[in-house]
Amino acid sequence: MPKAIEGDLVEPTTENTNLLHGSTSKLDPGPLSLLSSLTKKDKTLQKNTYKTYEVFWDSPEADSETTELQRKQKSTDMTNTFYNLVTDFYEYGWGESFHFARRCKGETLAQSLTRHEEYLFASANIKKGMKVLDVGCGVGGPARTCVRFTGAYVVGLNNNDYQIEKARRYAKQKGQENYSQFVKGDFLHMPFEDNSFDAVYAIEATCHSPDLISVYKEMFRVLKPGGTFAIYEWCTTEKYDEKNKEMIEIIKEIEYGNSLPKLYPASYSVDCVKKCGFEIQVSEDLAPTSVSGDSDWYQDLFQKRVCFSSIGGFVRSKFGSSVMSFFLKFFSFLRLVPSSATNVDKFLKVGGIGCAKGGKADIFTPMFIIVAKKPLA
Ligand SMILES: CC(C)=CCC[C@@H](C)[C@H]1CC[C@H]2C3=C(CC[C@]12C)[C@@]1(C)CC[C@H](O)C[C@@H]1CC3
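Quantities reported herein were computed from a predicted structural model and do not represent experimental measurements.

Q: Could you clarify how one ought to interpret the site of the ligand in this entry?
A: Around the ligand, the structure places 17 residues, and the nearest of them are Y90, E204, W234, D345 and L348. In this structure, D345 approaches the ligand through a side-chain N or O atom, which is 3.2 Å from an oxygen atom. Contact with the protein chains removes 98% of the 610 Å² of surface that the ligand exposes when unbound. Residues belonging to the shell around the ligand are distributed by class as follows: 11 nonpolar, four polar and two charged.

What follows is the structure, given as structure tokens:
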């Protein structure tokens, strides 16, 4: 294999992904995990992968409609490239479950994420002995909760080799190899037979699809008649005004920092589920359903107060995040980590701040729940 040349765009193939990450899919917890993992990446491939992601967002010759079209046409590669860049950051700053949750008083972030997952599994009536599909399973955090909470057998589908490898390692570490399986594949062309799952769920993953119908249709196809579909969707709310410049800017930040070809309104998402043939049972935005004392789902992003009681609390505070940015710059100056790591940190923050701004303005939700049934006939 010839060595990567600086400046080349990188196709996120299995071969390139393995070369980029080397041995870093080994689980490496702890406060220095991010820096230690970044020092072991192929630096040229990391730089080129970052450049490849940016091309989707600021091609100088293209107007915004052309780049949006490009993002939709190449959404699979764009999102695969994105997760090659951000997975280590996510694990370091958030844990094993890549999604949001409202935080009840006294809960840790990890506890709130687990509760949010369990709510979806209970709403979908997932039970022991069922065969369940997790679409866009990340490194498998929710799938492991599903196994623990319901006793079901979970198949995780993901198009990113690095995340799949990590999901398998976590499953082994937690003694779940016989209760789950992680399959590499595209959610627009799932490598499964028709009518093969009792339930299909997706947690904040189908928003990476270029259009919602294509992914919901695949979920419908692989689900058994009478089976349940359950998702948490990222959507704009009724308050979003597509002519308001400030609001448009916030939504663009969310799309750019989270690899979304396009965010759609919640009502459109419900329509698409119906169009695919499902019968809707639940459709509701869970963001405002707060019991007194709960924190909003975006409160964990860049807390002003530094919390020293846990590493995660420190890492996610504004101060902790600035400390990490400083170290990334310093290590990249010493050429110990790829210089593009500081750029990844920057675009992630744009996306994170965009999410928090969108949540505060109530124009965006990452937790629009839809539960639906595939009819028996
Ligand atoms: C991309 C999709 C569809 C879902 C992921 C949702 C969240 C898990 C991420 C959205 C913004 C992310 C940020 C971080 C962790 C994961 C998210 C909350 C960081 C806190 C990771 C550490 C970095 O230094 C800052 C990041 C800000 C954004």
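Q: How should I be thinking about the nonpolar core in this particular structure?
A: Generally speaking, soluble globular proteins have nonpolar side chains that are buried together. One finds I126, Y201, W234, I254 and F364 to be the most contacted residues of the largest nonpolar core, which totals 46 residues. Elements with a contribution of two residues or more to this core: α6 (109–123), α7 (141–150), α8 (161–173), β4 (197–203), β5 (223–236), α10 (245–258), α14 (340–360) and β8 (364–373). Core analysis: the second largest hydrophobic core is formed by 31 residues, L133, A202, C235 and V270 among them.

Q: Help me out: how do you make sense of the pairing of strand β2 (residues 153–158) in this one?
A: Consecutive side chains of a regular strand alternate in pointing toward one face of the sheet and then the other. Most of β2 is tucked away, with five of its six residues classed as buried. Pairing between strand β1 (residues 131–135) and β2: five bridges, direction parallel. Bridge pairing links V135 to L157 in β2. Between the parallel pair β1 and β2, the chain is carried across by α7, and the sense of this crossover is right-handed. Here β2 pairs with strand β3 (residues 180–184) via five bridges, running parallel.

Q: Would you explain the state of the cysteines in this entry?
A: Put plainly, a disulfide is one covalent bond tying together the sulfur atoms of two cysteines. This structure, assessed with the given rule, holds zero disulfides. Its sulfur unpaired, C137 is 12 Å from the next cysteine sulfur, which belongs to C146. When its relative accessible area of 3% is taken as the criterion, C137 is described as buried.

Q: Is there a simple way to explain unusual backbone geometry in this structure?
A: The phi dihedral of N195 falls on the positive side, at around 50 degrees, and the residue is not glycine. Turning to its location among the elements, N195 is positioned in the loop between β3 and β4. A relative accessible area of 38% means that N195 is categorised as partly exposed. A positive phi angle, close to 60 degrees, is found at D362, a residue other than glycine. For D362, the location among the structural elements is in the loop between α14 and β8. Using a relative accessible area of 29% as the deciding quantity, one classes D362 as partly exposed.

Conventions we followed
Residues numbered from 1 in each chain as written. Predicted model: local features only at pLDDT ≥ 70, side-chain atom pairs only at ≥ 80, totals over all residues. Heavy atoms only, no water. Near = heavy atom within 4 Å. Polar contact = N/O pair within 3.5 Å; in protein donor to acceptor, adjacent residues only side chain to side chain. Areas by Shrake-Rupley, 256 points an atom, 1.4 Å probe, with all protein chains shown as cover. Nonpolar A, V, L, I, M, F, W, Y, C, P; charged D, E, K, R; others polar. Core = buried A, V, L, I, M, F, W, Y, C linked by side-chain atoms within 4.5 Å. Buried < 20%, exposed > 50% of the residue type's maximum accessible area, 1.4 Å probe, protein only. Helix = DSSP H or I, 4+ residues; strand = E, 2+ residues; numbered from the N terminus. Pairing = 2+ DSSP bridges. Right-handed = clockwise from strand over helix to strand, strands pointing away. Disulfide = S-S within 2.5 Å.

Don't take any of this as a statement about function, it's just geometry.
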